Amino acid sequence: MVSQKPSTPLNVQQLIAQQQKKRRLRRLEKGVPALLFIAALISVLTTIGIIGTLIFETIEFFSRVSIVEYVTAREWLPFAGEPVYGILPLVVGTLKVTAIALVVALPLGLAVALYLSEFASDRVRTIVKPVLEVLAGIPTIVYGFFALTFVTPLLQQIVPQIQIFNAISPGIMIGIMILPTIASLSEDALSSVPKSLREGAFGLGATKLEVAMKVVLPAALSGVVASVVLAISRAIGETMIVSLAGGSTPLLNFDVAQSIQTMTAYIVQVSTGDAGYGTTIYYSIYAVGFTLFLFTFGMNILARWISKRFREAYE
Amino acid sequence: MTYIHEKAIALQTKKRRFRNTFFQVLFTSATILSLIILVVLLYRMVTQGSGYLSLDFLQQFSSRFPEKAGVYAGLIGSIAMLAIVAPVAVSFGVGAAIYLEEYAKKNRVTSFIQMNISNLAGVPSIVFGLLGLTIFVRMLGMGKSVLAAALTMSLLILPVIIVAAQEAIRSVPTSLREASYGMGATKWQTIYKVVLPAALPGILTGSILGLSRAIGETAPLVVIGIPVIIQFLPDGIFSEFTALPMLIFDWAKRPQEEFQYVAAAGILVLMTLLILMNSIAVWIRHKFQHRY
């Protein structure tokens, strides 16, 4: 209860105190947004930091190695007596692993998304979706360990020619890793197609499959494609799985049973090795990192453009 | 003359219904297969790792001998790193989210910041490692310290926390804010005393998800050059240290077969830590979730 005070007029000191409190409040009201704006700027500073770092150190690299060699040479031999820096073998290694990952994740992910959004009951969906998202929460080092100690021996039992380090085992593991990205984001896109469209098709006598494939999937295609592009971007940037199970042999061929090296795995190899600060090898990881950044950045822009440009709005 | 060819339709319908059933079975089995993969992974994790898991394993430093190797330095190191990442990433992340949702005008600057955040979320973690190596380890001279690793990780998980906090703040109904203004509260008082408490469950859940990503990430630590052979605990923010995923990476790479089991035991410790954090997130969501 508020105690009852006799209603005396305020004296001067109280008035001053009241004014000061108001002023403090006003200062807080003005100061807080400025502080919060700085917090929001951190993300911009991070981007500037990343691009600045990569460009700055990459320029240093290209002052030692010609950019023509970097783009056109067919070998990546930084540790040789006469080093050759041709990015192609690393790019091919990355693309091999990414392609295998897609072969695993694309059909499986789309099938899961279609099942959850068009066939499963609400109860099944609310249980299965978060359980599958657990796959996305497992650290990549754990996937790498499984690729090396579980998937590779399993594959070797089936096809003995497969080497200990190869492209196919980390590829499969990355596929499992990006499966929830495709399944979950595609399911979001499929479920957001309005019910009236489905009911219209059912009313014309379509089966569930026909509704799913001929009505819902085309309507949600932009979201589905965007989820796949995002998954590709994650596969390209994946590091620990390929470092553990992919090997360190940059080769310009399309053999998936052989040891490979991806862009990310090369950066790890140099980081764990003893190449000193300021050597050409040291700067090469920034050039490779910059190349990697361009690849994933392009993919992310593409994903955003697809989902914006081709979105079908029904409201 | 009949316009409807009943036999043809019956045949066609049969085909269509068969195709429907066939694909339904196919899609269902794909989902079941995905779940089986998850179960197999978790099963392998437990069976491979439990052999080496013991109280000693938690209290020993890493070693050349598999039976003497333990996760002590890595476990404490990871927790020490998290102790810096949590306040840094959460305060900046939530601050940025409040600015974007409550203060920012809809203009070019705001949409630029927003685009920036979603782009950062797509940058591979290893690139953040390169950033940390150049800026924190070399330029600011922090060395391979807990602080350098923690700041790198904070930048890495910042987009995750910002996006989660933004969603949580956005889901607080406008009527609550208007009621607060109606009582004479200022904007900041409304945000601090009404919006933030209402959005807290969502913010905490998102923060924990971000932090559990920071615990499991390995690539940035490798690039920064975090060592693995560490026989002491970090004694300050500038101390060298090692982290749990670094130890697992090191053990998994070793040729002796015994070390695979050591690595598996390390993975079990890491996963236990992650499950613990995620259960807290789930608990918070259930306990404090308001419906308006």
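What you see is a predicted model; the values in this text were computed from it and never measured.

1. So, the overall build of chain A
Okay, step 1: Scanning chain A from N- to C-terminus turns up 12 helices and 2 strands.
Okay, step 2: Helices and strands in chain A line up, N terminus first, as α-α-β-β-α-α-α-α-α-α-α-α-α-α.
Okay, step 3: On C-alpha atoms alone, chain A measures out to a radius of gyration of 28 Å, which is more than a quarter above the 20 Å that the 2.2 N^0.38 rule sets for 315 residues.
Okay, step 4: Taking all 315 residues of chain A together, 46% fall into the buried category.
Okay, step 5: For chain A, long-range pairs separated by at least 24 residues make up 73% of all intrachain contacts whose partners lie at least 6 apart in sequence.

2. Thoughts on the packing of helix α5 (residues 140-158) of chain A against helix α10 (residues 244-253) of chain B
Okay, step 1: The N-to-C vectors of α5(A) and α10(B) enclose an angle of 15°; their axes lie 10 Å apart at closest approach. Put simply, α5(A) runs roughly parallel to α10(B). Taken as a pair, α5(A) and α10(B) cross one another with a handedness that is left-handed. For the pair α5(A) and α10(B), contact is made by I141(A), G144(A), F145(A) and L148(A) and by P245(B), I248(B), F249(B) and A252(B), respectively.
Okay, step 2: Considering only residue class, the contact of α5(A) with α10(B) consists of 7 nonpolar, 1 polar and no charged.

3. Focus on the confidence of the model for chain B
Okay, step 1: Mean pLDDT over chain B: 90, with 98% of residues reaching 70 or higher.
Okay, step 2: Both scores are available for the predicted complex, with the pTM at 0.90 and the ipTM at 0.90.

4. Structural notes on the nonpolar core
Okay, step 1: Grouped together as the largest cluster of nonpolar side chains are 187 residues, with contacts concentrated most on F145(A), M173(A) and I248(B).
Okay, step 2: Counting residues per element, this core draws most heavily on helix α6 (residues 146-170) of chain B, which supplies 18 residues.
Okay, step 3: Residues within four places of F145(A) in sequence aside, it is in contact with L244(A), I248(B), A252(B), A263(B) and I267(B).

5. Remarks on the interface of chain A and chain B
As a measure of interface size, the accessible area lost when the parts come together is often cited.
Okay, step 1: With 65 residues of chain A at the contact, the number on the chain B side is 64 residues.
Okay, step 2: Per-element tally for the side of chain A that touches chain B: the top contributor is helix α1 (residues 12-62) of chain A, with 20 residues.
Okay, step 3: Looking at the side of chain A that touches chain B residue by residue, the classes come out as 43 nonpolar, 19 polar and 3 charged.

Rules of the game
- Residues numbered from 1 in each chain as written.
- Chains lettered and ligands numbered in written order.
- Predicted model: local features only at pLDDT ≥ 70, side-chain atom pairs only at ≥ 80, totals over all residues.
- Helix = DSSP H or I, 4+ residues; strand = E, 2+ residues; numbered from the N terminus.
- Rg over C-alpha atoms; globule rule 2.2 N^0.38 Å.
- Buried ≥ 20, exposed ≤ 12 C-beta atoms within 10 Å, placed from the backbone.
- Contact = placed C-beta atoms within 7 Å.
- Axes fitted to C-alpha atoms, helices over the stretch in contact; angles between N-to-C directions.
- Parallel < 35°, antiparallel > 145°, perpendicular 65-115°, else oblique.
- Left-handed = near helix turned anticlockwise from the far one by under 90°.
- Nonpolar A, V, L, I, M, F, W, Y, C, P; charged D, E, K, R; others polar.
- pLDDT = per-residue confidence, 0-100.
- Core = buried A, V, L, I, M, F, W, Y, C linked by C-beta atoms within 7 Å.

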